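The residues making up each chain are set out below.
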Amino acid sequence: MLQKLKIIANTEDKKRLLSNFFSLSVLQIFTYILPLLTLPYLVRVLGAEKFGLVMFAQAFIIFFNILVDYGFNLSATREVSVNRESKQKLTEIFSSVMSIKFVLIGISFAILSIIIFSFENFSNNIDLYYFTFLWVIGQALFPVWYFQGLEKMKYITVVNVTSKLIFTIAIFIFIKDESD
């Protein structure tokens, strides 16, 4: 038992744990604060009807995000963690997961297109659904699972916070009236 405590108390392990904890804490803070700034603004500028349409599009597109993720955030994270010392195995895992994600993006895009062109309520807002689908592509291209497996949460935080800040600033710059 004493030996296990010494291993846990290793300064390198502590440093990595504290760094990961701090990184994920910062990410959570931004994840909660930025919508508190943008949501009231969007409701006021877009109006209830357009805002509801945007929220429906996001909720609808989340189903495609789930399909493209295909559980890789669990299974691939574990594989990366177990094989973190083998560059060859990491390359194999990374390329396999990304290849499968690209195929799933293609399938998702095809399904989305069929739905859009089959139902009038969707085809009336074709741009909204295709632009919202870009979120699925962005989520698929950023390998959160890879950095989690390597325990490099700082990279996840930097990329996510930067993209969230850019997105928030873009909302205030580009959305000025209901037609935007």
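Residues numbered from 1 in each chain as written. Predicted model: local features only at pLDDT ≥ 70, side-chain atom pairs only at ≥ 80, totals over all residues. Heavy atoms only, no water.

1. Here's the deal with the pattern of salt bridges
Link 1 in the chain: Counting across every chain of the model gives five salt bridges.
Link 2 in the chain: The salt bridge partner of Arg16 is Glu151, with a shortest N-O separation of 2.8 Å. Here Arg16 is found in helix 2 (residues 11-69), whereas its partner Glu151 is found in the loop between helix 7 (144-149) and helix 8 (153-174), with 135 residues between them in sequence.
Link 3 in the chain: Of the charged contacts in the structure, one is a salt bridge between Asp69 and Lys101, with a shortest N-O distance of 3.2 Å. Placement of Asp69 in helix 2 and of Lys101 in helix 4 (residues 87-118) is noted, with a sequence separation of 32 residues between them.
Link 4 in the chain: Since its relative accessible area comes to 17%, Asp69 is described here as buried.
Link 5 in the chain: Here the residues in one salt-bridge network are Arg16, Arg84 and Glu151, joined through shared partners. (Salt bridge = Lys/Arg side-chain N within 4 Å of Asp/Glu carboxyl O. Helix = DSSP H or I, 4+ residues; strand = E, 2+ residues; numbered from the N terminus. Buried < 20%, exposed > 50% of the residue type's maximum accessible area, 1.4 Å probe, protein only.)

2. Digging into unusual backbone geometry
Link 1 in the chain: The backbone of Tyr70 shows a phi angle near 50 degrees, a positive value even though the residue is not glycine.
Link 2 in the chain: Positioned with a positive phi, Glu151 is a non-glycine residue whose angle comes to about 60 degrees.

3. Quick notes on the packing of helix 2 against helix 4
Link 1 in the chain: Packing of helix 2 against helix 4 brings their axes to within 8 Å, and their N-to-C directions diverge by 155 degrees. With respect to helix 4, the element helix 2 is oriented roughly antiparallel. Taken as a pair, helix 2 and helix 4 cross one another with a handedness that is right-handed. Listed contacts from helix 4 to Phe60, Ile61, Phe64, Leu67, Val68 and Asp69 of helix 2 are Lys101, Leu104, Ile105, Ser108, Ile111, Leu112 and Ile115.
Link 2 in the chain: Here the residues of the contact of helix 2 with helix 4 are counted per class, giving ten nonpolar, one polar and two charged. (Axes fitted to C-alpha atoms, helices over the stretch in contact; angles between N-to-C directions. Parallel < 35°, antiparallel > 145°, perpendicular 65-115°, else oblique. Left-handed = near helix turned anticlockwise from the far one by under 90°. Contact = heavy atoms within 4.5 Å. Nonpolar A, V, L, I, M, F, W, Y, C, P; charged D, E, K, R; others polar.)

4. Points about the side chain of Asn83
Link 1 in the chain: Topologically, Asn83 is positioned in the loop between helix 3 (72-82) and helix 4.
Link 2 in the chain: A residue is classified by how much of its surface remains accessible, and Asn83, at 17% relative accessible area, is buried.

5. Brief notes about the layout of surface pockets
Link 1 in the chain: Space inside the largest pocket adds up to approximately 1900 Å³.
Link 2 in the chain: If you trace the largest pocket, you find 42 residues lining it, with Gln58, Thr132, Trp135, Phe167 and Ile171 closest to the centre.
Link 3 in the chain: Where the lining of the largest pocket is concerned, the elements lending two or more residues are helix 2, helix 6 (126-141) and helix 8.
Link 4 in the chain: Sort the elements by how many residues they give to the lining of the largest pocket and helix 2 lands first, with 17 residues. (1 Å grid on protein atoms, 1.4 Å probe; cavity = no way out; pocket = protein on both sides within 12 Å on 5 of 7 lines; lining within 4 Å. Points joined across faces, edges and corners; volume = space filled by probe spheres on them.)

6. A few points about helix 4
Link 1 in the chain: Given a rise of 1.5 Å per residue, 32 residues ought to cover 46 Å, and the 46 Å separating the end C-alpha atoms of helix 4 matches this to within 8%.
Link 2 in the chain: Burial in helix 4 covers these residues: Leu90, Ile93, Val97, Met98, Lys101, Leu104, Ile105, Ser108, Leu112, Ser113, Ile115 and Ile116.
Link 3 in the chain: For helix 4, the secondary structure elements touched by its buried residues are helix 2, helix 3, helix 5 (120-123), helix 6 and helix 7. (Expected span 1.5 Å × (residues − 1).)

7. Quick word on the nonpolar core
Link 1 in the chain: By size, the foremost hydrophobic cluster in this structure holds 31 residues, and its most contacted members are Phe60, Phe64, Leu112 and Trp145.
Link 2 in the chain: Looking at this core, the elements that each hand over two or more residues are helix 2, helix 3, helix 4, helix 6, helix 7 and helix 8.
Link 3 in the chain: The element that contributes the greatest number of residues to this core is helix 4, accounting for nine residues. (Core = buried A, V, L, I, M, F, W, Y, C linked by side-chain atoms within 4.5 Å.)

Nothing here speaks to function; it is all geometry.
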